[in-house]
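Residue-level structural notes
So the chains spell out like this:
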Amino acid sequence: MSLEYERLSRNMPAISQAEQRMLLGRKIFIAGCGGLGGWIAEYMARLGIGGITAADPDAFDVSNMNRQLGADTASLGESKAITLKKRMALIAPDMRFNALTVRLGSENAAELIRGSDLAFDALDSIQARLALENACAAEGIALVHGAVRGWSMQAAVVPPGSGMLSRIYANASEPEGSTVLPFTPACCAAVQCAQASSLLLGRPCELFGKLLTADLLTMQQQIIEL
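What comes next concerns the included structure. Note that the coordinates shown come from a computational prediction; the quantities given were computed from them, not determined experimentally.

**What about helix H6 (residues 126-139)?**
Along its 14 residues, H6 runs 20 Å from first to last C-alpha, staying within 8% of the 20 Å computed at 1.5 Å per residue. Where H6 is concerned, the buried positions are Ile126, Ala128, Arg129, Ala131, Leu132, Glu133, Ala135 and Cys136. As for H6, its buried residues are in contact with strand E1 (27-31), helix H5 (109-113), strand E4 (118-121), strand E5 (143-149), strand E6 (152-158) and helix H7 (164-168). Capping the start of H6 is the job of one residue whose side-chain oxygen sits 3.4 Å from the backbone nitrogen of glutamine 127: serine 125.

**Some thoughts on helix H2 (residues 17-24)**
Working note: α-helix, 3.6 residues per turn, so residues spaced by three or four point in the same direction. Of all the positions in H2, only Glu19, Gln20 and Leu23 are classed as buried. Angularly, the buried residues of H2 cover 105° about the axis, an arc narrow enough to put them on a single face.

**Thoughts on the sheet that holds strand E7 (residues 210-215)**
As summarised here, the arrangement of the 8 strands in space is E3-E2-E1-E4-E5-E6-E7-E8, forming an open sheet in which the pairing is mixed. Sheet topology places strand E3 (96-100) and strand E8 (220-225) at the edges, where each strand pairs with a single neighbour. Taking the axes of each pair of neighbouring strands and ignoring which way they run, one obtains an average angle of 15° across the sheet. One ladder, built from 7 bridges, connects E5 with E6; its direction is antiparallel. Within E6, the position partnered with glycine 146 by the bridge is alanine 155. Helix-sheet contacts for helix H3 (residues 35-47) involve E1, strand E2 (51-55), E4 and E5, and the interaxial angle to E1 is about 165°. Packed on one face of the sheet, helix H8 (residues 183-200) meets E1, E4, E5, E6 and E7 and runs near 15° to E6.

**Brief notes about the nonpolar core**
In terms of nonpolar packing, the biggest core is built from 40 residues, with Ile28, Ile30, Ile40, Met44, Ile52 and Phe120 touching the most fellow members. Excluding residues that lie within four positions of it along the chain, isoleucine 28 makes contacts with Met44, Ile49, Gly51, Ile52, Thr53, Ser116, Leu118, Phe120 and Leu200. Of all hydrophobic cores here, the second largest spans 24 residues; its members include Ala119, Ile126, Ala131 and Ala147.

What counts and what doesn't
- Residues numbered from 1 in each chain as written.
- Predicted model: local features only at pLDDT ≥ 70, side-chain atom pairs only at ≥ 80, totals over all residues.
- Heavy atoms only, no water.
- Helix = DSSP H or I, 4+ residues; strand = E, 2+ residues; numbered from the N terminus.
- Expected span 1.5 Å × (residues − 1).
- Buried < 20%, exposed > 50% of the residue type's maximum accessible area, 1.4 Å probe, protein only.
- Contact = heavy atoms within 4.5 Å.
- Polar contact = N/O pair within 3.5 Å; in protein donor to acceptor, adjacent residues only side chain to side chain.
- Arc of directions from axis to C-beta.
- Pairing = 2+ DSSP bridges.
- Axes fitted to C-alpha atoms, helices over the stretch in contact; angles between N-to-C directions.
- Core = buried A, V, L, I, M, F, W, Y, C linked by side-chain atoms within 4.5 Å.

Put into structure tokens, the structure is as follows:
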């Protein structure tokens, strides 16, 4: 039994052998390597995705240590994208991981996502989210959106060309400061990865064109069709 097969053996039979081989041929793009992006990379690598490109221009600081997977005393001041690449090499050494220390914007989003089967929104900027949505529309790939604050999270799968994020954030402004608890990003990223996996495997995707909102304090949630 190969190391790669043995590493992924517990994914089966929830995922069939044929589906596992399919995932090994897929490539994803992750915009942001912080609270959401770190967990997304972790889950997708352990699921057996074949390739990841992740972009983030920032370095870890002390305030990241309550929730961001790569943030610890050894990584303070280090690139989030490069740190994530090093962690992925320990988990999935055969996976192709491309770490980009650039800020995603309207001028480079299309180039960054090119060749990916889908993209993850793990950003904290509305402007950057909308630039990513536009790039995904042009590339014809779905965008798996996630956002967190405090106890609350939201997730959605944005069909290419739907303008769904533009409607969600039509009257929103960039938040001034933020509070995020340790478990909220991990929970949101899990939902994003489950939905992305369904898309990549050609299975039904419950949040395609829909927005899930959830409060982890009250355990209330709703799914809104947009």
